[in-house]
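# Coordinate inspection notes
For reference, the chains in residue letters:
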Amino acid sequence: MTGAWPRARHVGLLLLVPAVALAHERFIRHQLKQPLHDEFFRRYPGAFLGMHPAMLRMGLNAVIVLAAFAVVWLVRHPIDEAIERAVVGAGRGVQHAVHLLACFVTDRPVRNRVFYAIGQWGVIMFLRVPGLVLMYSAANNSLVMPSYPLDPKTEFFFKMAQAALAVLILTQTLLPLCGALLVGTWIYLNRWGWMVAADALPVLSVAVVYLSSPWESHKLTITDLSEWQVRWVRLTLGFGFFALGWLKIYNHDLVAGVADQYPSVLDDPMVKLLAFGADPSFKRECWVVSFALAEVLSGFMVMTGTFLRVWSVIMAAMFTKLMLVDFGWNEIPHLFPIGALTAIAFSSRLTSELRPVEVLEGRAGRDGKRLRQAAIIGGAAVGLALVVIFPMLFALTFTDRANLR
Amino acid sequence: MHFASPRQLAWMALAWALFLIGYDQHANPRPLSTYWAEFKGSATRPNVVSEGDTPRVKLSMPHVCCTGCLNDIRAALKSLTWLAPARLAVEPPATESAEALARDSTAHEIEFDILDVTKADFVTLDQTMRDVGLAPDRMEVSGMGHFRLDVELPHLCCKVCSRSVDEQLERLLRKETQGRWFDSMTMNHVKKTVTIYARMNAVVDVLELTTALAHAGFTAHSIRVLTGPES
């Protein structure tokens, strides 16, 4: 084995292993074996911002990672040009391959038949797979996913309703109605509690597509999503993960319970990266925070369309791994986010919410104002990262978790 | 091509949500304040067990034709102090009139509250029923939210036995329960026990567990309920 392969494998692991407990804690075992140090998550007198120094450190690490990604995103075009120029002499095949790869990584349209084919298949899967997930939930006496177990008194109705909705979805019939029913069902899911309903936020991303489909959907072959649909799918999906990340810190016992039941998840390289420099005597507490921040970061990237394809592929691969390797059949509802992430990863209609910043820095660059351009890029990246991470992390230290016991 | 207007979509979604809430309220009537409490206090797990629910066990008896059968059951189960008195939705007819009434079905469901979960042992319960000469076809345990069953397997004499349980029981349980309540299991070779984790708020049929054990070639010495954190 060459030296490059183990390195590549480690990088792969670094990206694939994180978030082993992503958004599924409620349908795997999660009983806390030992209590956490609650004071770690609360106000910490005498420390900067009143936050535990380890928490502060992890917040800072997350800010650095997010800012780095934002900077690379904003300067991706010059980097891409430099790389493509570097391979000019390498032959047409290499040039073309590098160009396709660069287009893929930088979220530009990819002109390739295989890419189109996967994209079309991804959309078909995305639109139909909720039908299978609903059938699975119905067969397991639950609503939408196993986080919502049904009461024996009402289960017959809910199971039949899910089966009917699944048939409509699988036959692509009356999709706007399907979308409305999914949204209505999500509203009803709040009956299990607002925090539990947040688990199902990603389900709303497919509802967006259904709602914006024509009534005659059964007569159409839908293999492509419009720019508007892709934008709203990534906004809802990304927001779902972003919110679930913060909820992991708020509801820390639930996440720590998963680690207590599956201790191997504590040795997660990506999460360790975010916990770099934090007090190792609070191993479980640091794991909860760094793991949550990893989810916040990935959710934010998806939501804003920053390296959307890269993050979508990473997350789809991670969910697939969770399903096939870590937790098995119980993870089958994750076919749903896999479908959504595949559909957006292989779409050629991607946009980014950071576009206004790009316009500003591009104008400064064209005017030859390099310092101004650098200030816009650096300021936007760091400012954005600070605003995304710290206010919420700080606010969470004030929250009372007494109702979670 | 016709598309739904935002107003139509909003109305459809809202109407469906209200319908579901209404149906839920119809099936499980509760004050509106309970909904707010449920919404606010999502805690770490959903609660589908109604307010005031207690641990209980329900026996589905294919044959309880008259008060004679029922009295035998009641008398036998008196010795199990962890069980509250039996409750039946419909009392069977008196022995004298049973023949005259000649109902098509003699099946009854008998429900018991579990007064002391720590003392509950479903092997004893099953055995007591069999001593009467009657057998339930389902023994459903519920009302405890998150719980696990501690199964004592006295015959685990060697590594082959342990491996056999390890390799077969999980597969058999998944087949037997069809994903209804079984979550996962862990084995303790030293203590000769298997801990069966039930899904949250699940209704667990203990007889499905004993059937799976029998198919694996084992019988349990005791099946007890454990709640709360694991030590």
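Summarised in this report is the structure supplied together with it.

Calculation criteria
- Residues numbered from 1 in each chain as written.
- Chains lettered and ligands numbered in written order.
- Predicted model: local features only at pLDDT ≥ 70, side-chain atom pairs only at ≥ 80, totals over all residues.
- Helix = DSSP H or I, 4+ residues; strand = E, 2+ residues; numbered from the N terminus.
- Buried ≥ 20, exposed ≤ 12 C-beta atoms within 10 Å, placed from the backbone.
- Contact = placed C-beta atoms within 7 Å.
- Pairing = 2+ DSSP bridges.
- Axes fitted to C-alpha atoms, helices over the stretch in contact; angles between N-to-C directions.
- Expected span 1.5 Å × (residues − 1).
- Arc of directions from axis to C-beta.
- Parallel < 35°, antiparallel > 145°, perpendicular 65-115°, else oblique.
- Left-handed = near helix turned anticlockwise from the far one by under 90°.
- Nonpolar A, V, L, I, M, F, W, Y, C, P; charged D, E, K, R; others polar.
- Bend = angle between axes of the 7 residues up to and from the residue.

### Section: the overall build of chain B
- Looking only at helices and strands, chain B features seven helices and nine strands.
- Here chain B holds 231 residues, and 31% of them are scored as buried.
- In chain B, 76% of the contacts between residues at least 6 apart in sequence involve partners at least 24 apart.

### Topic: the sheet that holds strand β9 (residues 222–227) of chain B
All names here are of chain B.
- The four strands are arranged β6-β7-β5-β9 in an open sheet whose pairing can be described as antiparallel. With partners counted over all chains shown, the strands left at the sheet margins are β6 (182–188) and β9, one partner each. Neighbour-to-neighbour, the strand axes of this sheet turn through a mean angle of 25°, independent of strand direction.
- Bridging between strand β5 (residues 147–152) and strand β7 (residues 193–198) involves five bridges; their strand directions are antiparallel. Paired with Val151 across the bridge in β7 is Val194.

### Overview of helix α6 (residues 155–170) of chain A
Residue and element names in this part refer to chain A.
- Here α6 contains 16 residues, and its C-alpha end-to-end distance of 22 Å stays within 8% of the 22 Å for a straight helix at 1.5 Å per residue.
- Along α6, the residues that are buried comprise Phe158, Lys159, Gln162, Leu165, Ala166 and Ile169. All buried residues of α6 lie within an arc of 130° about the axis, which places them on one face of the element. Pointing more than 90 degrees away from the buried face of α6 are the exposed residues Phe156 and Met160.
- For α6, the secondary structure elements touched by its buried residues are α5 (113–139) and α7 (175–189).
- At the C-terminal side of α6, Gln172 shows a positive phi close to 55°.

### Things to note about the packing of helix α16 (residues 355–366) of chain A against helix α17 (residues 370–396) of chain A
All names here are of chain A.
- Running from N to C, α16 and α17 cross one another at 160°; their axes reach a closest spacing of 8 Å. Relative to α17, the element α16 is oriented roughly antiparallel. As α16 runs across α17, the sense of the crossing is left-handed. Along its contact with α16, which presents Val357, Leu360, Glu361, Ala364 and Gly365, the element α17 presents Arg372, Gln373, Ile376, Ile377 and Ala380.
- Within the contact of α16 with α17, the residues separate by chemical class into six nonpolar, two polar and two charged.

### A short note on α5(A)
Residue and element names in this part refer to chain A.
- The end-to-end C-alpha separation of α5 is 38 Å, in line with the 39 Å expected for 27 residues at 1.5 Å each.
- Within α5, the axis deviates most sharply at Arg128, by approximately 35°, and proline Pro130 lies no more than four positions further along.
- Inspection of α5 places Gly119, Gly122, Val123, Phe126, Leu127, Val129, Pro130, Gly131, Val133, Leu134, Ser137 and Ala138 among the buried residues, and these make up the whole buried set.
- Of the surrounding secondary structure, the elements contacted by the buried residues of α5 are α6, α9 (204–211) and α15 (335–345).
- Where α5 terminates, the next one or two residues include Asn141, which has phi positive at roughly 55°.

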